[in-house]
Amino acid sequence: MDTTINLNPNGQLESPDYSGERVRLCTDGKYRWTYPMNMMTNPSVFITICKIFGGIGAVAFILTYISDIFRGDFSNIIEDLKWWGVAILVFLVIAGISYLIVAAQYGGKYIVQFTMDENGIKHEQVPAQQEKAIKMGGVLTGVGILTGRPGSMGQGLLVASHTVLTSDFKTVKSVKPQRRWNTIKVNETLNKNQIYTTKEDFEFVLDYIRDHCPKVN
């Protein structure tokens with residue numbers, strides 16, 4: 001694996017406030033880079049949102065029919081499947097529209113600052129976008145409460161609460177590269193992180209993360 005130290009083009013260490021797109025080693029021993037993820041061409045955030053609400057929907061489905069399942073009576077489930085299908089389609093439309101609104105607010109770019117060392121990696125939305133995320137989260141949560149729509153409330157909480165994510169390498173269970181989108185998924189039991197890099201730095205970051213996660217084969 002290639003884990004060669006990436007210095008700046010002049011072979012020097014960068015200062016800790018470095019914010020360039022390429023991965024560079026800073027004077028405090030941490031790697032840093034800033035990545036402007038294109039929200040229109042990289043669907044990883046939208047897919048993650050769909051998975052989260054899909055899980056919520058699956059729990060709701062099971063709780064609704066749990067007594068029928070235990071009795072072995074699936075007639076009500078079969079009869080209601082078409083309505084669940086309609087609900088899924090409605091959700092996808094709402095989620096898609098919400099995503100486009102958020103993307104427009106961000107100017108089409110989800111800009112993330114990454115800080116990585118031997119202990120872990122931090123995924124932090126740039127301050128200007130953090131402020132927008134908190135405001136949008138508050139609005140969507142308020143709409144959800146006032147209208148009694150938990151989906152809107154959930155979207156609001158999601159937008160507002162995921163401006164900073166930190167992965168502790170010693171508790172990471174899996175690392176999944178998505179080279180097509182320059183994305184690395186770093187998964188702990190209750191924490192799912194997504195790391196974005198340039199194509200040139202992708203393998204370096206992937207190898208570094210894998211080498212420092214003892215629970216990842």
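All of these numbers come straight from a predicted model, not from anything done at the bench. (Residues numbered from 1 in each chain as written. Predicted model: local features only at pLDDT ≥ 70, side-chain atom pairs only at ≥ 80, totals over all residues. Heavy atoms only, no water.)

1. Considerations on the overall build of the chain
Along the chain, the regular secondary structure elements total five helices and eight strands. Sequence-ordered secondary structure for the chain, helices as α and strands as β, is β-β-α-α-β-β-α-α-β-β-β-β-α. Here the chain holds 217 residues, and the buried ones make up 39% of them. Considering only contacts within the chain whose residues lie at least 6 apart along the sequence, 57% involve residues at least 24 apart. Put simply, the chain shows about 12300 Å² of open surface, and 62% of that area lies on carbon and sulfur atoms. (Helix = DSSP H or I, 4+ residues; strand = E, 2+ residues; numbered from the N terminus. Buried < 20%, exposed > 50% of the residue type's maximum accessible area, 1.4 Å probe, protein only. Contact = heavy atoms within 4.5 Å. Areas by Shrake-Rupley, 256 points an atom, 1.4 Å probe, with all protein chains shown as cover.)

2. Some thoughts on the pattern of salt bridges
Going through the model one piece at a time under the given rule, you end up with six salt bridges. In this structure, Asp168 engages Lys170 in a salt bridge whose closest nitrogen and oxygen atoms are separated by 2.6 Å. Residue Lys170 is classed as exposed on the basis of its relative accessible area of 54%. (Salt bridge = Lys/Arg side-chain N within 4 Å of Asp/Glu carboxyl O.)

3. Things to note about the sheet that holds strand β7 (residues 183-187)
Ordered by their spatial adjacency, three strands build an open sheet running β6-β7-β8, and the pairing between neighbours is antiparallel. Strand pairing shows two members of the sheet lacking a second neighbour, β6 (174-178) and β8 (192-196), which therefore form its edges. For this sheet the average axis-to-axis angle between neighbouring strands, irrespective of direction, equals 20°. Pairing geometry for β7 and β8, over five bridges, is antiparallel. Considered in β8, the bridge of Ile184 is made with Ile195. Docked against the sheet, helix α5 (residues 202-211) engages β6, β7 and β8, running at close to 170° with respect to β6. (Pairing = 2+ DSSP bridges. Axes fitted to C-alpha atoms, helices over the stretch in contact; angles between N-to-C directions.)

4. Some points on the sheet that holds strand β1 (residues 24-25)
If you trace the five strands from one edge of the open sheet to the other, you get β1-β2-β3-β4-β5, paired in antiparallel fashion. Each end of this open sheet is capped by a strand with a single partner; those strands are β1 and β5 (164-168). Bridge count for β1 against strand β2 (residues 31-38) is two bridges, and the pairing is antiparallel. Within the sheet, the bridge partner assigned to Arg24 lies in β2 and is Arg32. Sheet strands in contact with α5 are β2, β3 (109-117) and β4 (120-125), and its direction is about 45° off that of β3.

5. Structural notes on α5
Across the ten residues of α5, seven count as buried, placing the element largely inside the fold. Within α5 the residues assigned to the buried category are Phe202, Phe204, Val205, Leu206, Asp207, Tyr208 and Ile209. On its buried face, α5 sits against β2, β3, β4, β6, β7 and β8.

These figures capture arrangement, not role.
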